[in-house]
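Architecture and fold: a report
Spelled out from the first residue to the last, the chains are:
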Amino acid sequence: MRQRPTRLEASQNLDQDFGQNPRKILFVCLGNICRSPAAQGVFRALCSSVTCDSAGTSDYHVGAPPYGAMQQAMKRRGLDVSDLRARQFSPSDFSDFDLILAMDQNNLDNIEALRSAGNQTPVQLFTRFAPEAAMDHVPDPYYTRDFDGCLDLIELAAAGLVRAVAQGEGEPGR
């Protein structure tokens, strides 16, 4: 029986990752109240043809709406995520989503620890889609208090993700 794939095997390159054209994308951060719901909100505004969701690697805030300061920063940009509620990442998410995007390396490592043997769902850092930002993670504004800077990076990465999805076969989500 084959062991769980390495991070490199599961996330070889964009062409391989998007060969099947992701229809369901999951954004993951620590608590699912700042970064991942913001990424979900930005991405769904840019690409309504692809289903997306968000989750946290911890259970700190399960059932809570996005953090108030993040919601305010998003509202200033015309985005509303008040309908979202925090949930914890589950091993079933590997089966339910075509692509899983982590906000930082700790999140990615925690996700990978739950991967079952044989699962090939790509798990990548979200910042991979914003190489021009030269950032290896999305800083957590819950701690940095820089909600606008966080959103700037999320918007950049979301635009890159939309471009990557559009380069897949056919139309996104079809």
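Residues numbered from 1 in each chain as written. Predicted model: local features only at pLDDT ≥ 70, side-chain atom pairs only at ≥ 80, totals over all residues. Heavy atoms only, no water.

**Topic: the environment of Cys52**
To be explicit about the condition: Helical segments are the DSSP runs of H or I of at least four residues, strand segments are the runs of E of at least two, and each set is numbered from the N terminus. Exposure classes here rest on a 1.4 Å probe applied to the protein chains alone. A residue is buried below 20% of its type maximum, exposed above 50%, and partly exposed in between.
Among the structural elements, Cys52 can be located in strand S2 (residues 51-56). Judged by relative accessible area, Cys52 falls into the buried class, the value being 13%. Through-space distance from the C-alpha of Cys52 to that of Phe97 is 8.6 Å; in sequence the pair is 45 residues apart.

**Examining helix H3 (residues 35-46)**
Note the cut-off: A helix is expected to span 1.5 Å for every residue after the first. Throughout, a residue-residue contact means that at least one pair of heavy atoms, one from each residue, lies within 4.5 Å.
The terminal C-alpha atoms of H3 lie 16 Å apart, and with twelve residues this matches the ideal 16 Å at 1.5 Å per residue to within 8%. Within H3, nine of the twelve residues are buried, leaving the element largely enclosed by the surrounding structure. Three or more residues of H3 are buried, namely Arg35, Ser36, Pro37, Ala38, Ala39, Gln40, Gly41, Val42 and Phe43. Packed against the buried residues of H3 are strand S1 (24-29), S2, helix H4 (68-75), helix H6 (105-112), helix H7 (141-144) and helix H8 (147-166).

**Details of the confidence of the model for the protein chain**
Keep in mind that low pLDDT regions are not for reading the predicted coordinates in detail. Definition in use: A residue's pLDDT is simply how confident the predictor is in it, with values from 0 to 100.
Mean pLDDT over the protein chain works out to 88, with 85% of the residues at or above the 70 mark. Contacts of residues 1-19 to residues separated by more than four positions or lying in other chains number 49 contacts, the stretch itself having pLDDT below 50. Note on residues 169-174: pLDDT under 50 across the span, and 17 contacts to partners over four residues away in sequence or across chains.

**Observations regarding the packing of H3 against H8**
For clarity, the threshold we go by: Whenever a helix is involved, its axis is fitted only over the stretch in contact; in every case the axis is a line through C-alpha atoms, and angles between N-to-C directions fall within 0 to 180 degrees. In these notes the angle categories are as follows: under 35 degrees is roughly parallel, over 145 is roughly antiparallel, 65 to 115 is roughly perpendicular, and the rest is oblique. For any pair of crossing helices, the crossing counts as left-handed if the nearer helix is rotated counterclockwise from the farther one by less than a right angle, and right-handed if it is rotated clockwise. Note that Gly is not counted as nonpolar here; it falls among the polar residues with everything else outside the nonpolar set of Ala, Val, Leu, Ile, Met, Phe, Trp, Tyr, Cys and Pro and the charged set of Asp, Glu, Lys and Arg.
Viewed as axis vectors pointing N to C, H3 and H8 meet at an angle of 45 degrees, and their least axial separation amounts to 9 Å. Taken as axis vectors, H3 and H8 run oblique relative to one another. Handedness of the crossing formed by H3 with H8: right-handed. On the side of H3, the interface is formed by Arg35, Ala38, Ala39, Val42, Phe43 and Leu46, while H8 contributes Cys150, Leu151, Ile154, Glu155, Ala158, Ala159, Leu161 and Val162. Broken down by class, the residue content of the contact of H3 with H8 amounts to twelve nonpolar, no polar and two charged.

**Here's the deal with the pattern of salt bridges**
Rules: Just to be clear on terms, a salt bridge is a Lys or Arg side-chain nitrogen sitting within 4 Å of an Asp or Glu carboxyl oxygen.
A full pass over the atoms with the stated rule returns ten salt bridges. Note that Glu155 and Arg77 form a salt bridge whose closest N and O atoms lie 2.9 Å from each other. Taken together, the residues Glu155 in helix H8 and Arg77 in the loop between H4 and helix H5 (93-96) connect sequence positions 78 residues apart. Residue Glu155 is classed as partly exposed on the basis of its relative accessible area of 29%. Looking at Arg77, the relative accessible area reads 28%, which means it is partly exposed.

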